[in-house]
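Coordinate inspection notes
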Amino acid sequence: MATVVVLIGNGVLAGVLVAVAIGLVPVFTALPAPDYIRVHTLAGRYFDRIMPPLVLCSIGADVVLVIDTDSAATRPLFALAALAQLGVSLVSQFGNVPLNQQTRATDPADIPPRWDDPRSRWRALHTLRTVFALVGLFVNAIAVAV
């Protein structure tokens, strides 16, 4: 059961992050600042409800597999996958979330003249967490196949 949770959870996690990278990030970049703030705030409302529990469930399932497996070959793989997904969580919590809060706190109708546009930093952090999610999925797939 934990292998199903790990593959589905980590697969959905990686898929959503890739979809954001190839779909939303270019839209965010192309929008004028006031529209970016509105769209980012709206999109975040929905992602913020789903993504943290999804990441935590995927990490938890990997931890269960580390503990429950009898295979010396798969134990380090599940541990590495859990660490990769922990990377997603840490980058999100300490990188993207503060930038999201900064964006939400900005009034799109009254953007300060020296507004610190967070889009390039957000994109770089998002790319990093997407790589972590893909590494986790790749390692989990290998562990399950072994």
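Presented here is an overview of the structure given in this document. Every value quoted in this text rests on a predicted model; they were computed, and no experiment measured them.

1. So, the overall build of the chain
- Looking only at helices and strands, the chain features four helices and zero strands.
- Principal axes of the C-alpha set define a box for the chain whose edges measure 60 × 20 × 20 Å.
- Burial analysis of the chain (146 residues in total) assigns 38% to the buried set.
- Contacts in the chain between residues far apart in sequence, at least 24 positions, make up 80% of those at least 6 positions apart.
- Here the chain displays about 7800 Å² of accessible surface, and carbon together with sulfur accounts for 71% of that area.
- The distance from the centre of the 10 positive side-chain charges to the centre of the 9 negative ones in the chain is 5 Å.

2. Here we look at the side chain of N140
- Along the chain, N140 turns up in helix α4 (residues 119-145).
- When near neighbours in sequence (up to four residues on either side) are disregarded, N140 contacts V6, L7, N10, D62, F78, A81 and Q85.

3. Some words on the packing of helix α1 (residues 2-30) against helix α2 (residues 33-68)
- Packing of α1 against α2 leaves a shortest axis separation of 9 Å and a crossing angle of 155°. One element, α1, and the other, α2, form an angle in the roughly antiparallel class. Along this stretch, α1 crosses α2, giving a crossing that reads as left-handed.
- Considered class by class, the residues forming the contact of α1 with α2 number 21 nonpolar, five polar and one charged.

4. Some thoughts on the packing of helix α3 (residues 75-104) against α4
- Between α3 and α4, whose axes approach to 8 Å, the crossing angle comes to 160°. Considering their axes alone, α3 and α4 lie roughly antiparallel with respect to each other. With respect to the hand of their crossing, α3 and α4 are arranged in left-handed fashion.
- In the contact of α3 with α4, the residues fall into 18 nonpolar, 10 polar and two charged.

5. Points about a nonpolar patch on the surface
- Taken together, the side chains of M1, V4, V5, I8 and V12 define a hydrophobic patch exposed on the protein surface, amounting to about 480 Å² of accessible area.
- Relative to the helices and strands, M1 resides in the segment before α1.

6. Topic: the side chain of R129
- By the secondary structure assignment, R129 is in helix α4.
- Buried and unpaired, R129 has no salt bridge, with D48 as the nearest side chain of opposite charge at 7.3 Å.
- In this view, R129 contacts L17, V88, V91, S92, N96 and W122; residues no more than four positions away in its chain are not counted.

Calculation rules
- Residues numbered from 1 in each chain as written.
- Predicted model: local features only at pLDDT ≥ 70, side-chain atom pairs only at ≥ 80, totals over all residues.
- Heavy atoms only, no water.
- Helix = DSSP H or I, 4+ residues; strand = E, 2+ residues; numbered from the N terminus.
- Buried < 20%, exposed > 50% of the residue type's maximum accessible area, 1.4 Å probe, protein only.
- Contact = heavy atoms within 4.5 Å.
- Areas by Shrake-Rupley, 256 points an atom, 1.4 Å probe, with all protein chains shown as cover.
- Lys, Arg positive; Asp, Glu negative; His and termini not counted.
- Charge placed at Lys NZ, Arg CZ, Asp CG, Glu CD.
- Axes fitted to C-alpha atoms, helices over the stretch in contact; angles between N-to-C directions.
- Parallel < 35°, antiparallel > 145°, perpendicular 65-115°, else oblique.
- Left-handed = near helix turned anticlockwise from the far one by under 90°.
- Nonpolar A, V, L, I, M, F, W, Y, C, P; charged D, E, K, R; others polar.
- Patch = residues over 30% accessible without salt bridge, like charges linked within 9 Å, V, L, I, M, F, W, Y side chains within 5 Å.
- Salt bridge = Lys/Arg side-chain N within 4 Å of Asp/Glu carboxyl O.

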